[in-house]
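Examining the three-dimensional arrangement
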There are 2 protein chains.
Amino acid sequence: MDCDVYVPRLKASISQWRQQGVKGVWIKLPIRLAHLVEPTVKEGFRYHHAESDYLMLVYWIPETPDTLPANASHTVGIGAFVMNNNREVLVVQEKSGAFGAKGVWKFPTGVANQGEDIWTAAIREVKEETDIDTEFVEILAFRQTHKTFCGKSDLFFVCMLRPLCFDINKQDSEIKAAQWMPIEEYMAQPYIQKHESFKYVAEICSGQSKSSCSGFCPVPALSTSGKKSYTYFNKLQLQNKKNELGG
Amino acid sequence: MDCDVYVPRLKASISQWRQQGVKGVWIKLPIRLAHLVEPTVKEGFRYHHAESDYLMLVYWIPETPDTLPANASHTVGIGAFVMNNNREVLVVQEKSGAFGAKGVWKFPTGVANQGEDIWTAAIREVKEETDIDTEFVEILAFRQTHKTFCGKSDLFFVCMLRPLCFDINKQDSEIKAAQWMPIEEYMAQPYIQKHESFKYVAEICSGQSKSSCSGFCPVPALSTSGKKSYTYFNKLQLQNKKNELGG
């Protein structure tokens, strides 16, 4: 679409929307229409968010404070605590990054893909990095960190998984080494001992056993809009409640 | 900056970066430089993300798969479970939206601001909607929902807070009414009974007492980069572990 056609049409539409009492107006411009970004901004639009292949612009027409939905604010990461029956934990050494340089043995970690459930991401990352199949048990802890990248925040979920096999076959591009390591040895690493947030997590994991169930388990439930979503909570709590009710 | 000046400089820089073996290149264009978006895209850049006042573009130069950090994928919301000593829960009716139209009495809810901690957001929203001061107790549950807005996901945290005062003074612009309601009455609402995810949360909250501590509490800890962040976990679990260790 040509600017000469687009701009008069946009002006006419805005004037019509204003008369109709429309509040928020959204324009999604695919990246191939990048030449229309400037004229859209000139008509009063601001940026809302962008993905690789499009830019979303928005214009709040009335004088009242805008009630437009917020832009996404968080990335979601997972760390996987996988322990075998010998109290050995599945750990990896990364090829690059801060951990790689220090030679720290760490849990498999990764970033959840857009639209991916936390529990699914944990199973996927363990499989990708070590080829170990697992089943999800519970979330033991999570950490919220701000200003991780471009002012955004991060939620990092520590997930406990049960191994379904034990022969490691490490991924080559990012992982230098992988092994089952006695949990005491993992915890004794100077890096873990030195950093508060790692130490907490190591202590929580180390204290965890199948019977205690102090974490949050995913339970599928339909949302009000009929979408399948997972609610994570302490199942023991709901069980106690049901027993109380005689349920 | 003029396009005639910008484009030759950008071309020269890209050629230099390529020679130097630079991998990822970032360009942050303030919205006042919207006229430079199109020429930047023409040189091979794609969008990464945008905020109200800027657009971030990125160019991965080598042939290898890009390892650029992901764009933020989640909004973060909170719901506040505030109960007084008479087992009455703080509830509001909203003026607009799906809940408002149905006349549902619901917990105060809201969206965490960029950079705001979950527990801080919960205290703020209760204060804004009802003028009740609270202290944070724990997170009882959370729900992950996908495709909530423009393909993004949402993490909604159900937070238990202890009221420090009891006289409600509701906010006028968004809240139609607010009250302390017996928890049984809250739970008996057809809307809550009808929707699985609400019913779970209501049951968890109803079963919760101060002594059971089955939720996750925020504990401050320095991250590896020295930033103060909060790790949320079941404190009882860590306590058990410490007792075990004789700590």
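Residues numbered from 1 in each chain as written. Chains lettered and ligands numbered in written order. Predicted model: local features only at pLDDT ≥ 70, side-chain atom pairs only at ≥ 80, totals over all residues. Heavy atoms only, no water.

On to the relation of the copies chain B and chain A, then. Superposition record for chain B on chain A: RMSD 0.1 Å, screw rotation 180°, translation along axis 0.0 Å. Such a combination of turn and shift is consistent with a two-fold rotation axis. A share of 99% of interface residues in chain B that are also interface residues in chain A marks the association as one of identical surfaces. (Least-squares fit on C-alpha atoms with pLDDT ≥ 70 in both. Contact = heavy atoms within 4.5 Å.)

Residues and elements named next belong to chain B. In this model helix H7 (residues 196-207) runs 16 Å from its N-terminal to its C-terminal C-alpha over 12 residues, within 8% of the 16 Å that 1.5 Å per residue would give. Burial analysis of H7 places 10 of its 12 residues in the buried class, which makes it a mostly covered element. Along H7, the positions that sit buried rather than exposed are Ser 197, Phe 198, Tyr 200, Val 201, Ala 202, Glu 203, Ile 204, Cys 205, Ser 206 and Gly 207. (Helix = DSSP H or I, 4+ residues; strand = E, 2+ residues; numbered from the N terminus. Expected span 1.5 Å × (residues − 1). Buried < 20%, exposed > 50% of the residue type's maximum accessible area, 1.4 Å probe, protein only.)

The next point concerns the environment of Val 89 of chain A. Residues and elements named next belong to chain A. Tracing the chain through its elements places Val 89 in strand E5 (residues 88-94). Judged by relative accessible area, which is 0%, Val 89 ranks as buried. Between the alpha carbons of Val 89 and Glu 63 there is a distance of 58 Å; along the sequence they are 26 residues apart.

A word on the interface of chain B and chain A. Contacts between the two partners involve 83 residues from chain B, matched on the other side by 82 residues from chain A. Summed over both partners, the interface of chain B with chain A comes to about 7,300 Å²; 62% of that surface belongs to carbon and sulfur atoms. At the boundary of chain B and chain A, one finds two salt bridges. A salt bridge links Lys 152 of chain A to Glu 51 of chain B, with the nearest nitrogen and oxygen atoms 2.5 Å apart. Inspection of the chain B/chain A interface yields 31 residue pairs in polar contact (both at pLDDT 80 or more). For the side of chain B that touches chain A, the leading source of residues is strand E7 (residues 134-149) of chain B, giving 11 residues. Partitioning the side of chain B that touches chain A into residue classes produces 39 nonpolar, 30 polar and 14 charged. Bridge count between strand E7 (residues 134-149) of chain A and strand E11 (residues 228-233) of chain B: four bridges; the pairing is antiparallel. In the sheet register, Phe 142 of chain A faces E11 of chain B, and the bridge partner there is Tyr 232 of chain B. (Buried area = accessible area lost by both parts, 1.4 Å probe. Salt bridge = Lys/Arg side-chain N within 4 Å of Asp/Glu carboxyl O. Polar contact = N/O pair within 3.5 Å; in protein donor to acceptor, adjacent residues only side chain to side chain. Nonpolar A, V, L, I, M, F, W, Y, C, P; charged D, E, K, R; others polar. Pairing = 2+ DSSP bridges.)

This paragraph deals with the sheet that holds strand E3 (residues 54-60) of chain A. All names here are of chain A. Here three strands make up an open sheet; going across it, the order is E1-E3-E2 and the pairing antiparallel. Looking at the sheet topology across the chains shown, the edges are occupied by strand E1 (24-30) and strand E2 (46-51). The average angle at which neighbouring strand axes cross in this sheet is 20°, direction not considered. With respect to the sheet, helix H1 (residues 3-20) is in contact with E1 and E3, its orientation differing from that of E1 by roughly 160°. (Axes fitted to C-alpha atoms, helices over the stretch in contact; angles between N-to-C directions.)

All names here are of chain A. Along its sequence, chain A is organised into domain 1 (3-60), domain 2 (74-207) and domain 3 (216-245). A straight line from the C-alpha centre of domain 2 to that of domain 3 covers 25 Å. If you look at the interface, domain 2 gives seven residues, while domain 3 gives five residues. Note on domain 2 versus domain 3: buried area summed over both sides is about 540 Å², and carbon and sulfur give 61% of it. Summed over the shared surface of domain 2 and domain 3, the number is zero salt bridges. Linking domain 2 to domain 3 there are two residue pairs in polar contact (both at pLDDT 80 or more). When residues of the side of domain 2 that touches domain 3 are traced back to their parent elements, those giving at least two are helix H4 (118-130) and E7. With four residues, E7 is the largest single contributor of residues to the side of domain 2 that touches domain 3. Looking at the side of domain 2 that touches domain 3 residue by residue, the class counts come to five nonpolar, no polar and two charged. (Domains from an automatic or database assignment.)

Moving on: the environment of Val 126 of chain B. All names here are of chain B. With respect to the helices, strands and loops of the structure, Val 126 is situated in helix H4 (residues 118-130). C-alpha of Val 126 to C-alpha of Lys 227: the two residues are 101 residues apart in sequence and 27 Å apart in space. Discounting residues that sit within four places of it in the chain, Val 126 has contacts with Ala 80, Val 82, Leu 90, Pro 108, Asp 131, Ile 132, Thr 134 and Leu 161.

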